[in-house]
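So the chains spell out like this:
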Amino acid sequence: MLIYQNTFEDELVKGYNYPIEDQYYAEDNIAIIADGITRGPDGVTDISEYTFFELLQRYPRPSGGELAAKEIIRTFRNSNNSSLKERLIECNRQ
C-alpha cells in the first residue's frame, strides 16, 4: 500500500505552509487521485484589494480542499468493496 501527498511549491509560495490539497493512494492493482480545490482565501470578497502574499496568508489551513481530499482517500483505503466503481461511489457519498 502506498499513500502519497503532493502540492505545488515554487519560489512564490515557499515558506507559506500551503495546504496539501492533492492526495494519492495506490494498491497492487488500483489507484486513486483526489485533487482538492479551495475556492479562495478566508474573508476575502474582492481579491484586487490584497497583494498576492496577503492572499497566501489568508488561505485556510487546513483548507477545505485538503480536508475533502484526505476524506476521499481515507474512505477509499478503508472500503471493503472489491469493485473500483463501488469504492468510488462510496467515496462520493462521504
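Up top you'll find the structure we're talking about.
The rules behind these values
Residues numbered from 1 in each chain as written. Predicted model: local features only at pLDDT ≥ 70, side-chain atom pairs only at ≥ 80, totals over all residues. Heavy atoms only, no water. Helix = DSSP H or I, 4+ residues; strand = E, 2+ residues; numbered from the N terminus. Expected span 1.5 Å × (residues − 1). Buried < 20%, exposed > 50% of the residue type's maximum accessible area, 1.4 Å probe, protein only. Contact = heavy atoms within 4.5 Å. Phe/Tyr/Trp six-rings, centres within 6.5 Å; stacked < 30°, edge-to-face > 60°. Lys NZ or Arg CZ within 6 Å of the ring centre and 35° of its normal. Salt bridge = Lys/Arg side-chain N within 4 Å of Asp/Glu carboxyl O.

S.K.: I'd love a proper account of helix H2 (residues 64–78), names of residues and values included.
M.R.: An α-helix turns once every 3.6 residues. As a result, residues three or four positions apart point the same way. The end-to-end C-alpha distance of H2 is 21 Å, a good match for the 21 Å that 15 residues give at a rise of 1.5 Å each. Regarding H2, the residues found buried are Gly65, Glu66, Ala69, Ile73, Thr75 and Phe76. Where the residues of H2 are buried, they touch strand E2 (22–26), strand E3 (31–35) and helix H3 (84–93).

S.K.: Describe in detail the packing of aromatic side chains, supporting the description with residues and values.
M.R.: To describe a pair of aromatic rings, one takes the distance between the centres and the angle between the planes. Under the defined criterion, the tally for this structure stands at 2 aromatic pairs. Between Tyr25 and Phe76, the aromatic rings sit 6.0 Å apart at their centres with planes inclined by 75°, giving edge-to-face as the arrangement. Pair noted here: Tyr25 is in strand E2 and Phe76 is in helix H2, with a separation of 51 residues, a long-range link. Here Tyr25 falls in the buried class, since its relative accessible area comes to 3%. Exposure remark for Phe76: the relative accessible area of 0% places this residue in the buried category. Ring geometry for Phe52 against Phe53: centres 5.5 Å apart, planes inclined by 80°, an arrangement best described as edge-to-face. According to the relative accessible area criterion, Phe52 is partly exposed, its value standing at 40%. The ring of Phe76 is capped by Arg87, whose NZ or CZ atom sits 4.2 Å from the centre of that ring.

S.K.: Got a sec to walk through the pattern of salt bridges? Specific residues and values, please.
M.R.: With the rule as written, the count across this model stands at 3 salt bridges. Close ionic contact of Lys70 with Glu66 constitutes a salt bridge, the shortest N to O distance being 3.3 Å. Of this pair, Lys70 and Glu66 both sit in helix H2, 4 residues apart, which is roughly one turn of that helix. Note on Glu66: relative accessible area 10%, which makes it buried.

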